[in-house]
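# Breakdown of the fold
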Amino acid sequence: MAKNILLTVSYDGTDFCGWQRQDGQRSVQGELEAALKKLFGADIALQGSGRTDSGVHAKAQAANFLCPVDSIPDKNIPKALNNFLPPDVRAHEAASVEDSFSARFNATSRVYRYFILPKQTPLASTNRFVWQINFLPNVGRLNQMAQCLRGELDCATFAAAGDASLSTKRYLENAFFFEQEDNFGQKHVVFEIEANAFLYRMVRSLVGTLIDFDRNEKDAKDFKSALESRDRSKAGPTAPPQGLFLWQVKFDGTRRHP
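Residues numbered from 1 in each chain as written. Predicted model: local features only at pLDDT ≥ 70, side-chain atom pairs only at ≥ 80, totals over all residues. Heavy atoms only, no water.

## Let's talk about the layout of surface pockets
Rules: Computed over the protein atoms alone on a 1 Å grid, cavities are sets of points where a 1.4 Å probe fits but cannot get out and pockets are open sets with protein on both sides within 12 Å along at least five of seven lines; a residue lines them when it has an atom within 4 Å of a point. Grid points are joined across faces, edges and corners, and a volume is the space filled by probe spheres set on the points. By definition, any uninterrupted DSSP run of H or I lasting at least four residues is a helix, any uninterrupted run of E lasting at least two residues is a strand, and each is numbered from the N terminus. Each residue is assigned to one of three groups, with Ala, Val, Leu, Ile, Met, Phe, Trp, Tyr, Cys and Pro labelled nonpolar, Asp, Glu, Lys and Arg labelled charged, and all others, Gly among them, labelled polar.
Considered as a void within the structure, the largest pocket measures approximately 1300 Å³ in volume. Surrounding the largest pocket, 40 residues form its lining, Gly50, Arg51, Arg104, Ser165 and Phe198 being those nearest its centre. Of all the secondary-structure elements, those providing two or more residues to the lining of the largest pocket are β2 (47-48), β5 (109-118), α4 (202-215) and β10 (244-250). If one sorts the elements of the lining of the largest pocket by residue count, α4 sits on top with three residues. Tallied by class, the residues present in the lining of the largest pocket amount to 17 nonpolar, 14 polar and nine charged. Considering only enclosed or pocket space, the second largest pocket measures out at about 220 Å³ in volume. Forming the boundary of the second largest pocket are Ala58, Lys59, Phe115, Thr126, Phe129, Val130, Gln180, Asp182, His188, Phe245 and Trp247. Broken down by secondary-structure element, the contributors of at least two residues to the lining of the second largest pocket are β3 (57-67) and β10. Across the lining of the second largest pocket, the residue classes tally to six nonpolar, three polar and two charged.

## Notes on the pattern of salt bridges
Under the convention used in this document: Take a side-chain nitrogen of Lys or Arg and a carboxyl oxygen of Asp or Glu: if they are within 4 Å of each other, that pair is a salt bridge.
Under the defined criterion, the tally for this structure stands at twelve salt bridges. The closest approach of N and O atoms between Glu194 and Lys250, which form a salt bridge, is 3.3 Å. Here Glu194 is found in strand β9 (residues 187-195), whereas its partner Lys250 is found in strand β10, with 56 residues between them in sequence. Three or more residues joined by partner-sharing salt bridges are found here, namely Asp12, Asp15 and Arg128.

## Brief notes about the side chain of Arg170
This is how the line gets drawn: Each residue is placed in one exposure class: buried if its accessible area under a 1.4 Å probe, protein chains only, is under 20% of its type's maximum, exposed if it is over 50%, and partly exposed if it falls in between. Any N or O atom pair separated by 3.5 Å or less is treated as a polar contact, with the protein-specific requirement of one donor-capable and one acceptor-capable atom, and with residues adjacent in sequence counted only for side-chain atom pairs.
Tracing the chain through its elements places Arg170 in strand β8 (residues 169-181). Relative accessible area serves as the criterion here: at 6%, Arg170 is assigned to the buried category. Reaching out from Arg170, the side chain makes a polar contact with the backbone oxygen of Ser167 at a distance of 2.9 Å.

## Side note on the pairing of β9
Stated precisely, the cut-off is as follows: One bridge is not enough; two strands pair if DSSP finds at least two bridges between them.
With respect to burial, β9 is a largely interior element, eight of its nine residues being buried. Pairing between β5 and β9: seven bridges, direction antiparallel. Each bridged residue has a counterpart across the sheet, and for Ile116 the counterpart in β9 is Val189. The pairing of β8 with β9 spans nine bridges and is antiparallel. Bridging across to β9, Phe178 finds its partner in Val190.

Have a look at this one:
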């Protein structure tokens, strides 16, 4: 009897066109579905909690699929699946969920983190996962601007061209910067943001704008004005993809509008 499985995976997005399956291009979804077919001997459709763009990574992407067999215990599925996956995609957890459960529609919020490395040369081992900038940002000023990102907001200023969303309003739970030293002794500035959903390239646009405004000594008043303008030309440049991670998908919060 088929069972609905919620799968948690991580991936290095550098060599992918993104999460979503695309003809003729390498995608995370495509690699996972190919591995599931090898494991279970059947075509399996995987539904992710959301799409990540080309070059964007995930610490904990969530996806669900209908498992055609019940002979493999849930806890053993990740290890078995990893035997058929390339090294830049790993399965970590699997659990049975209700038949009606959807990783996309049952998610109550998504958490992203963006890693910035100021005035240092990235190590070869971390170069694919940080944005290197040539000045020391003012974390206090960045957090004053980030305080504007709370509650239900029209985020049209930070939507990239090509966004097909029916509404540009999103509910932002939190947004803040903090400093963190990695295992190799390099100090990063990290931006974390949580919302019910995001517009196309919205997080990268926010990061690029906040860093640009800080570099040019603009303040929270300037940032709020740009946000409320709903004018993409008032935003700064879009940050590159390699510093961005889908960090967590939550299913236990308040369900907001799509």
